[in-house]
Amino acid sequence: MENIDWKNLGFGYRDTDYNVRCYYRNGQWGELEISSSTRIDIHMSATALHYGQEAFEGLKAFKGKDGKIRIFRMDENAKRMQSSSDGILMAKLPVEKFMEAVRIAVKKNERFVPPYESGAALYIRPLLIGTGPQIGVKPADEYLFMVFVMPVGPYFPEGFKPTNLVIMRKYDRAAPQGTGKYKVGGNYAASMGSGKLAKQQGFSAVLYLDSREKKYLDECGPANFFGIKNNTYVTPLSDSILPSITNKSLMVLAEEMGLKVEQRKVPYEELAEFDEVGACGTAAVISPIKGVYDADNDKWFKYGDEPGAWSKKLYNKLLAIQYGDEPDKYSWVEIVE
Ligand code: PLP
Ligand code: COI
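Every chain is numbered on its own, with residues counted from 1 as its sequence reads. Here chains are named by letter from A upward and ligands by number from 1 upward, in the order in which they appear as written. In keeping with the model being predicted, local features are shown solely for residues with a pLDDT of at least 70 and side-chain atom pairs are shown and tallied solely at 80 or more, while totals for entire chains, interfaces and linings include all residues. Each side-chain value is derived from all of the structure's non-hydrogen atoms; neither hydrogens nor water enter the calculation.

Caption draft 1: How the structure looks around the side chain of Asp294. Runs of E in the DSSP output that reach at least two residues are strands. Runs of H or I that reach at least four are helices, and both are numbered from the N terminus. Position of Asp294 among the secondary structure elements: in strand E16 (residues 285-294). Setting aside residues no more than four positions away along its own chain, Asp294 makes contact with Ile167, Arg169, Tyr268, Lys299 and Phe301. Only heavy atoms enter the contact rule, under which two residues are in contact if any of them lie within 4.5 Å.

So, in structure tokens, the structure goes:
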């Protein structure tokens, strides 16, 4: 195997040994299959290709000091994929089948799980696509579910070093009653143009406001948003943001640490009140934010060049559970046997 520089991995695609596949045909799911090919053979009229009938997930596995591999909250990802499937009328994969596919994909690619000291992790990408041909806008009658994996470092190259976000009201990621709460490809396609613009100007991501009124904070392109003030962890409640499993976990940990937790509409003006601000997600982990720039009003909200004390505590606690340094009292991790 090529030598992998585990400590300097970015968040990029890399081939590994095996992936797992499962086909939905004639109204039922087949058996899980293991493949060493990175290719799929797909009908040119597959609904995934034309009408975006596809959903994906993202989760991670971690190698602990004890050499054991832990997968974080995969039941939550399985359920979220079911919700996405309901949202865009795809066949629903049973939770247990999803989890078994993830276990196999991790186990078969064990040699790609980064070592404990590296701070990297194995990123797991489940994908569900409509493969059956249609030309009218309607759901496919055949689907393919896949799981592939790769070792990754932090999503934002700065890792736990604070970066800046930008608000640009001209761009939306998702419609108010649209698909923002589902993890479907169309949302990411919609965010690519504004995301590129943000990066070209030196920002790590766009912070989207609610698409209807532009009054409330929604989320970032690839991660949820949180702010901390007056010993309170505040995170937006919105119909058009992805229900982040990382955020859900951080809310539990914040409460355990003695913070109050508020999930509610967060008016734009509140950006001026937070002591700490962060983006959170599987890929982003906690990415502390040092500033939010409102490009429409040429106005900065600043939070300091170093991660805040609460963000640091939350980050350390989450990682300690994921890497197995602390007891898993909420049963969030499954050890791969
Ligand atoms: N929001 C968006 C738009 C995302 O793509 C992600 C990544 O999955 C998240 C939030 C964070 O969700 P999670 O913590 O479940 O990875
Ligand atoms: C994740 O955090 O798993 C995601 O899916 C975000 C993605 C845009 C890389």
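Caption draft 2: Highlighting the site of ligand 1. Neighbouring residues of ligand 1: 16 residues in total, closest Tyr188, Glu219, Ser244, Thr246 and Thr282. With respect to ligand 1, the side chain of Tyr188 contributes an N or O atom lying 2.5 Å from an oxygen atom. The protein chains hide 97% of the 380 Å² of surface that ligand 1 would expose on its own. At the level of elements, helix H5 (245-256) and strand E15 (276-281) are the ones that each hand at least two residues to the shell around ligand 1. Gly is placed with the polar residues, together with every amino acid not listed as nonpolar (Ala, Val, Leu, Ile, Met, Phe, Trp, Tyr, Cys and Pro) or charged (Asp, Glu, Lys and Arg). A class-by-class count of the residues in the shell around ligand 1 yields six nonpolar, six polar and four charged. What makes a residue near a molecule or strand is one non-hydrogen atom of that residue sitting within 4 Å of it. Each polar contact in these results corresponds to two N or O atoms within 3.5 Å; when the atoms are within protein, one needs to be able to donate a hydrogen and the other to accept it, and residues that are neighboring in sequence are counted only if both atoms are side-chain atoms. The Shrake-Rupley method, run with a 1.4 Å probe sphere, supplies the accessible areas, and residue values consider only the shown protein chains as cover.

Caption draft 3: Focus on the environment of Gln201. Along the polypeptide, Gln201 turns up in the loop between helix H4 (185-200) and strand E10 (205-209). A simple rule labels every residue: compare its accessible area, found with a 1.4 Å probe on the protein chains alone, to the largest value its type can have, and call it buried under 20%, exposed over 50%, or partly exposed in between. Judged by its relative accessible area of 44%, Gln201 is partly exposed. Counting along the chain gives 38 residues from Gln201 to Thr163, while the straight-line C-alpha distance between them is 12 Å.

Caption draft 4: How the structure looks around the packing of aromatic side chains. Between rings of Phe, Tyr and Trp, where Trp is taken as its six-membered ring, a pair exists when centres lie within 6.5 Å; planes separated by under 30 degrees are stacked, by over 60 edge-to-face, and by other angles tilted. Per the stated rule, a full pass over the model turns up 19 aromatic pairs. Judged by centre distance (5.7 Å) and plane angle (35°), the ring pair of Phe98 and Phe145 falls under tilted. Placement of the pair is Phe98 in helix H3 (residues 95-108) and Phe145 in strand E8 (residues 143-152), with a sequence separation of 47 residues. Taking relative accessible area as the criterion, Phe98 reaches 1% and is therefore assigned buried. Residue class for Phe145 comes out buried when judged on its relative accessible area of 0%. An angle of 75° between the planes, with centres 5.3 Å apart, marks the rings of Tyr155 and Phe156 as edge-to-face. Residue Tyr155 is classed as partly exposed on the basis of its relative accessible area, which comes to 31%. Put simply, the rings of Phe11, Tyr123, Tyr155 and Phe156 pair up and form one aromatic cluster. A ring is scored as having a charge over it whenever the NZ atom of a lysine or the CZ atom of an arginine sits within 6 Å of its centre and within 35 degrees of its normal. In this structure, Lys108 packs its charged tip against the face of Tyr18, placed 4.6 Å from the ring centre. One residue, Arg173, lies across the ring of Tyr188, its end atom 5.7 Å from the ring centre.

Caption draft 5: Examining the site of ligand 2 more closely. Around ligand 2, the structure places Phe11, Phe56, Gly58, Tyr123, Arg125, Tyr155, Lys183, Tyr188, Pro222, Thr282 and Ala283. In the model, an oxygen atom of ligand 2 is placed 2.6 Å from a nitrogen or oxygen of the Tyr123 side chain. Contact distances for ligand 2 include 2.8 Å between an oxygen atom and a backbone N or O atom of Ala283. Tallied by class, the residues present in the shell around ligand 2 amount to seven nonpolar, two polar and two charged. When residues of the shell around ligand 2 are sorted by domain, at least three fall in each of domain 1 (6-152) and domain 2 (164-322). Domain start and stop positions are those given by an automatic or database domain assignment.

Caption draft 6: Geometry of a nonpolar patch on the surface. Residues enter patches when they are more than 30% accessible in relative terms and free of salt bridges; like-charged ones are connected within 9 Å and nonpolar ones (Val, Leu, Ile, Met, Phe, Trp, Tyr) within 5 Å. Whenever a carboxyl oxygen of Asp or Glu lies within 4 Å of a side-chain nitrogen of Lys or Arg, that contact is scored as a salt bridge. Together, Tyr51, Ile135 and Val137 make up an exposed nonpolar region whose accessible area comes to about 340 Å². You can see Ile135 is positioned in the loop between strand E7 (121-130) and E8. Judged by relative accessible area, Ile135 falls into the exposed class, the value being 63%.

Functional significance is not addressed by these values, which are geometric in nature.
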